[in-house]
Amino acid sequence: MKLKTKGINWLRLTLQWGVILFILILAFLPDLTKIGTPDFEAYCPFGGLQALGSYLLNQALSCTMTSTQIVMGIILFVGVLIFSKLFCSFICPVGTVSEWLGKLGDKLKIRFTITGIADKALRSLKYILLFLTVYYTLQSNELFCKKYDPYYAVATGFSIDVVILYAIIALVLVIFGSIFIRLFWCKYFCPLGALSNIFKFSIFFVATLAIYLILLKFGVRISYVYPLAVACTGGYIIELLGQKSRFFPLAKITRNTSSCTDCQLCTKQCPQGIDVAGVEIVKDVDCNLCGDCLLVCSVKNTLTINKRKEFKWLPIFAIVVLVTLGIIMGNVWEIPTIDLKWYGSEEMADAGVFTQSGLKNVKCYGSSMAFANKMKQLDGVYGVATYVKRHGVKIYYDKEKLNEEKIQEQLFTPQKKPIKTLAKGIETVYCVSLKLENFFDSFDFSYLSILLQQKTNAVGIISEFDCPVIVKIYFPEEIKDKDELRSIIESATLTYNTTNGPTTVDLKFKVSGNPKYYTVSKGEYIENMFTAFEKSFNHKNDYTNDVIETYYLPLGKNRALRNKFSYIVSHLSNDDGIVGFRTKLDDNLKEVAEISYIDSITNITNITNALLSDSLNVSYSNGKKGKVGNMFDFSEELKDSLIGK
Ligand code: SF4
Ligand code: SF4
């Protein structure tokens, strides 16, 4: 059997299957791409257009939405106006699979094209799905399409965002629908197809948008639901009436009727089933300028784009340029994840603007809002914008109350962390104090701690605010090779284990100036590394000092459970007579807990019973109550406890 290769659009095939291959590599061999955890919606223009709508409505982008998506969405809009739905014909994996399943249906002679009233009625479904998708996205500020998108469900292995029932229905429509009915999903269900068609009917689209914006400008508060409903209904009616886009896209397939031999090959080749041989200009709304008809026509200069023979390769050239442009612009340009201003335009006109990047804990919408709330507490801050991709922030401030250094100090959280236990018998600790560039937030601190743990015998690390930040690293013995230590600190990357396997992060720490080397006694070191934990509760401030008793309890091995102290504190607070818990170093530099209590309400027996109980009754920050096993063991320490004022 001779393989039919003439008239095949090889470049389109290569691009379509290249995209699918790339997605498969991302899904099954992500290490090959060095992308880490792949985001399968990162370049989805439909997600981008929803994200743009959500951003305009809420001045905030949720964690599932990115600037890159928005750029791709804008590029899709421009692309549709000039070149038609190139994303559908060259990139969309669902379109590719639908086309090829359709070819299988043709081979088996079981595929047919829906026409007439059924075709017209079914076309409404994609506009309904578009309305629902955009509506729920704008309502929830999360991409609703992820719940049913067949591509996203398969690529992510039905991730947590996917509603399994919706996705299975969508997959059945794509797989079985495409085998039996020509491009069943694309023509009748795809919301991006509906949106692209609305863009093709651009005079109507622009008019709807303009009327809505003018009404808003004149203070008529209209919900976005109305223009959305008008756009979807209007799009469907225009498609229903003529199934033609008259003016846009600018590029259209044209047929030279005088040289055409009426062989019908172009009509047979068209994946959309358009009667190319029956028209002079293809204005059918389903045409996505795939170019298949151009390549199958064997009569020179008969089928062209806009009657220009040199435009034969325009579609493939245009899609490559547009996608490349989108990827570049999406990586360079970033719209703020949040852009909040809590002062009026008068104050903002004179506001200073402070920018800081490298804040790795500004990494999503939630952490951006937490950052904004923290900054709101600072007198003189007018507003903030965050840029999560580069972990950057912009802070608008009153120049009379604040300056850049004061803001930086507020952003900085000093930290200290023991890396290894100081061995017995060591009385002198060796310290290096250095200034580190590109080191600022808690992630930097944590990365440097891991690096030192992996490559040195450092026992502790402290960070203090300065420009650049001061980092003090403690060692149990003299630092012999200072250059080696410097090169370890300035390592380009750090690889460490996480629950998802090894992770590598880029580091850019740079030692600034000359480090200072000195020694401290073991006692000073312990004091330097100690951080007190303190919590008052049950209205402690309502009691005078003379009625507050203190129960001193050595922490012993329980000091290692510092990050669980809130559990024991919550449990103790169930006794109304216990009013405080704090840790401190005693005269022998041992950690002890001071438990404050009111003698007339409770007693030592109650406190020790609470400390020794098998389970802890805790209250969570969301108001819920629960019970957890007691992870503390004070049985030995209780013997050395003391009572005092
Ligand atoms: S008319 Fe030509 S360019 Fe348009 S979809 Fe059909 S084959 Fe592709
Ligand atoms: S393939 Fe070319 S010659 Fe044949 S009908 Fe189409 S335009 Fe005419």
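What comes next concerns the included structure. (Residues numbered from 1 in each chain as written. Chains lettered and ligands numbered in written order. Predicted model: local features only at pLDDT ≥ 70, side-chain atom pairs only at ≥ 80, totals over all residues. Heavy atoms only, no water.)

## Topic: helix α22 (residues 482-489)
Along α22, the residues classified as buried are Leu-485, Ile-488 and Ile-489. Looking straight down α22, one finds that the buried residues subtend no more than 95° of arc, so they occupy a single side. Those residues of α22 that are buried are in contact with β8 (428-437), α21 (442-455), β10 (469-475) and β13 (510-521). (Buried < 20%, exposed > 50% of the residue type's maximum accessible area, 1.4 Å probe, protein only. Helix = DSSP H or I, 4+ residues; strand = E, 2+ residues; numbered from the N terminus. Arc of directions from axis to C-beta. Contact = heavy atoms within 4.5 Å.)

## Digging into the sheet that holds strand β3 (residues 338-341)
Strand order across the open sheet formed by four strands is β3-β5-β6-β4, with antiparallel pairing between neighbours. This sheet does not close on itself; its edge strands, each paired only once, are β3 and β4 (352-356). Ignoring strand direction, the axes of neighbouring strands in this sheet form an average angle of 15°. Both strand β5 (residues 381-387) and strand β6 (residues 392-397) contribute to a ladder of six bridges, which runs antiparallel. What sits directly across from Val-384, in β6, is Ile-395. (Pairing = 2+ DSSP bridges. Axes fitted to C-alpha atoms, helices over the stretch in contact; angles between N-to-C directions.)

## Details of the sheet that holds strand β9 (residues 460-464)
If you walk across this open sheet you meet the five strands as β7-β9-β10-β8-β13, and the pairing is antiparallel. The open sheet has two free edges, formed respectively by β7 (415-418) and β13, since each of these has just one partner strand. Looking at each pair of strands side by side, their axes are set apart by 15° on average, direction ignored. With respect to the sheet, α21 is in contact with β7, β8, β9 and β10, its orientation differing from that of β9 by roughly 155°.

## Topic: the packing of helix α1 (residues 10-28) against helix α6 (residues 93-107)
At their nearest, the axes of α1 and α6 sit 10 Å apart, and the two run at 115° to each other. In this structure, α1 meets α6 at a crossing whose hand is left-handed. Residues Arg-12, Leu-13, Gln-16, Trp-17, Ile-20 and Ile-23 of α1 form the contact with α6, whose own contacting residues are Pro-93, Thr-96, Val-97, Glu-99 and Trp-100. (Left-handed = near helix turned anticlockwise from the far one by under 90°.)

## Some remarks on the site of ligand 2
Cys-260, Cys-263, Gln-264, Cys-266 and Cys-297 are the nearest of the 13 residues found near ligand 2. A class-by-class count of the residues in the shell around ligand 2 yields eight nonpolar, three polar and two charged. (Near = heavy atom within 4 Å. Nonpolar A, V, L, I, M, F, W, Y, C, P; charged D, E, K, R; others polar.)

## Focus on the environment of Val-282
If you trace the backbone, Val-282 turns up in the loop between α15 (265-269) and α16 (292-296). The sequence separation of Val-282 and Thr-254 amounts to 28 residues, and the corresponding C-alpha distance is 6.4 Å. Leaving out residues up to four positions away in the same chain, Val-282 has contacts with Lys-252, Ile-253, Ile-274, Val-276 and Cys-287.

## Quick look at the site of ligand 1
The local shell around ligand 1 consists of Ile-253, Cys-270, Pro-271, Gln-272, Val-276, Cys-287, Asn-288, Leu-289, Cys-290, Gly-291 and Cys-293. Residues of the shell around ligand 1, tallied by class, amount to eight nonpolar, three polar and no charged.

## Examining the nonpolar core
Core analysis: the biggest nonpolar cluster contains 83 residues, and Phe-46, Phe-83, Leu-130, Trp-185, Ile-253 and Val-276 have the highest contact counts within it. The dominant element in this core, judged by the number of residues it contributes, is helix α4 (residues 67-83), at six residues. Residues Leu-402, Phe-439, Ala-458 and Phe-475 belong to the second largest nonpolar core, which totals 47 residues. (Core = buried A, V, L, I, M, F, W, Y, C linked by side-chain atoms within 4.5 Å.)

## A word on the side chain of Gln-272
Its place among the elements puts Gln-272 in the loop between α15 and α16. The class of Gln-272 is buried, set by a relative accessible area of 11%. Non-local contacts of Gln-272, meaning those with residues more than four positions away in its chain, are made with Arg-182, Leu-183, Lys-187, Asp-286 and Asn-288.

## Some remarks on the packing of aromatic side chains
In the structure shown here, the tally under the stated rule is 25 aromatic pairs. The interplanar angle of 40° and the centroid separation of 4.6 Å between the aromatic rings of Tyr-343 and Tyr-382 together place this pair among those described as tilted. With Tyr-343 in the loop between β3 and α18 (345-349) and Tyr-382 in strand β5, this residue pair connects regions lying 39 residues apart in the sequence. For Tyr-343, a relative accessible area of 36% translates into the label partly exposed. The rings of Phe-131, Tyr-135, Tyr-136, Phe-144, Tyr-148 and Tyr-224 are connected pair by pair, giving a single aromatic cluster. A cation over a ring is seen here: Lys-103 above Trp-100, with NZ or CZ 5.3 Å from the ring centre. Of note, Arg-390 hangs over the ring of Tyr-387, and the distance from its end group to the ring centre comes to 4.3 Å. (Phe/Tyr/Trp six-rings, centres within 6.5 Å; stacked < 30°, edge-to-face > 60°. Lys NZ or Arg CZ within 6 Å of the ring centre and 35° of its normal.)

## Overview of the pattern of salt bridges
Here the structure, examined in full by the defined rule, presents 19 salt bridges. For Asp-286, the salt bridge identified is with Arg-123, shortest N-O distance 2.8 Å. Pair noted here: Asp-286 is in the loop between α15 and α16 and Arg-123 is in the loop between α7 (116-122) and α8 (124-140), with a separation of 163 residues, a long-range link. Asp-286 gets classed as buried once you look at its relative accessible area, which sits at 5%. On the basis of relative accessible area, Arg-123 is assigned to the buried category, the value being 2%. Notably, a salt bridge pairs Glu-334 with Arg-390, separated by 3.6 Å at the nearest N-O pair. Note that Glu-334 is positioned in the loop between α17 (314-332) and β3 and Arg-390 in the loop between β5 and β6, a separation of 56 residues in sequence. Linked by salt bridges that have partners in common, Asp-119, Arg-123, Lys-126, Glu-239 and Asp-286 make up one network. (Salt bridge = Lys/Arg side-chain N within 4 Å of Asp/Glu carboxyl O.)

## Considerations on a nonpolar patch on the surface
Together, Leu-104, Leu-108, Ile-110, Phe-112, Phe-158, Ile-164, Ile-168, Val-172, Ile-175, Phe-176 and Phe-180 make up a nonpolar patch on the protein surface, roughly 960 Å² of accessible area in all. Here the nonpolar patch gets six residues from one element, more than from any other, and that element is helix α10 (residues 164-180). Looking at where Phe-176 falls in the secondary structure, it is placed in helix α10. Looking at Phe-176, the relative accessible area reads 49%, which means it is partly exposed. (Patch = residues over 30% accessible without salt bridge, like charges linked within 9 Å, V, L, I, M, F, W, Y side chains within 5 Å. Areas by Shrake-Rupley, 256 points an atom, 1.4 Å probe, with all protein chains shown as cover.)

## Observations concerning the environment of Arg-255
In this structure, Arg-255 sits in strand β1 (residues 253-255). Sequence separation of Arg-255 and Ile-281 is 26 residues, and the distance between their C-alpha atoms is 6.3 Å. Look past the residues within four positions of Arg-255 in its chain and what remains in contact with it is Cys-260, Val-276, Ala-277, Gly-278, Val-279, Glu-280, Thr-302 and Leu-303.

## Some remarks on the side chain of Thr-304
By secondary structure assignment, the location of Thr-304 is in strand β2 (residues 303-305). Assessed through its relative accessible area of 10%, Thr-304 is described here as buried. There is a polar contact of 3.4 Å between the side chain of Thr-304 and the backbone nitrogen of Lys-307. (Polar contact = N/O pair within 3.5 Å; in protein donor to acceptor, adjacent residues only side chain to side chain.)

## Regarding helix α24 (residues 565-572)
Counted residue by residue, α24 has six buried out of eight residues, so it is predominantly covered. Three or more residues of α24 are buried, namely Phe-565, Ile-568, Val-569, Ser-570, His-571 and Leu-572. Looking at the buried positions of α24, the neighbouring elements they touch are β14 (534-536), β16 (578-585), β17 (591-598), α25 (604-612) and β18 (615-619).

Shape is all these values report; function is a separate question.
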